[in-house]
Amino acid sequence: IILFIITAFVLFSLAFILLARFVILLFLIILAPIGFAGLAVPQLKSTADKWWSELFKQTLTAPILLLLLYIALAIITDARFMMLEIVFVLIVCID
């Protein structure tokens, strides 16, 4: 049951991160003209650089999170991992 609580906490955290990412991307889309204007207007260059860096960070967040989630689920659902868990439970129960 402890593993289920930890799993629920992790999945809720991932959901919160993805929801926050969605909101940030909405603001970045609204402010997109500043990012492109910074390429032409030298006074906006520092603001545009911040916009571009934040855009790249937010676009890389979801694929990396989903890749790590896929790897974790692949490991957890593997039959060998299940056997290790059963052996671990038996060892703990015997002690």
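Another aspect to go through is the overall build of the protein chain. Counting its regular elements, the protein chain contains four helices and zero strands. Along the protein chain, from the amino end to the carboxyl end, the secondary structure elements read α-α-α-α. By the compact-globule yardstick of 12 Å for 95 residues, the protein chain is too spread out, its C-alpha radius of gyration being 21 Å. Dimensions along the principal axes, computed over C-alpha positions, put the protein chain at roughly 70 × 20 × 20 Å. Within the protein chain, the fraction of its 95 residues that count as buried is 14%. Sequence-distant contacts in the protein chain: of pairs separated by 6 or more residues, those separated by 24 or more amount to 53%. Accessible area for the protein chain stands at about 7800 Å²; split by element, carbon and sulfur atoms hold 83% of it. Side chains of the protein chain give 5 positive and 5 negative charges; the mean places of these two sets differ by 18 Å.

Once that is clear, we can look at the pattern of salt bridges. Applying the stated criterion across every chain yields a total of two salt bridges. One salt bridge in this structure joins Lys45 and Asp49, with 3.6 Å as the shortest N-O distance. Here Lys45 and its partner Asp49 are both found in helix H3 (residues 45-76), four residues apart, which amounts to about one turn of the helix. Residue classification places Lys45 among the partly exposed residues on the basis of a relative accessible area of 47%. On the accessibility criterion, Asp49 (40% relative accessible area) is partly exposed. A salt bridge links Glu54 to Lys57, with the shortest nitrogen-to-oxygen separation between them at 3.3 Å. Of this pair, Glu54 and Lys57 both sit in helix H3, separated by three residues, roughly a single helical turn.

Rules used in this analysis
Residues numbered from 1 in each chain as written. Predicted model: local features only at pLDDT ≥ 70, side-chain atom pairs only at ≥ 80, totals over all residues. Heavy atoms only, no water. Helix = DSSP H or I, 4+ residues; strand = E, 2+ residues; numbered from the N terminus. Rg over C-alpha atoms; globule rule 2.2 N^0.38 Å. Buried < 20%, exposed > 50% of the residue type's maximum accessible area, 1.4 Å probe, protein only. Contact = heavy atoms within 4.5 Å. Areas by Shrake-Rupley, 256 points an atom, 1.4 Å probe, with all protein chains shown as cover. Lys, Arg positive; Asp, Glu negative; His and termini not counted. Charge placed at Lys NZ, Arg CZ, Asp CG, Glu CD. Salt bridge = Lys/Arg side-chain N within 4 Å of Asp/Glu carboxyl O.

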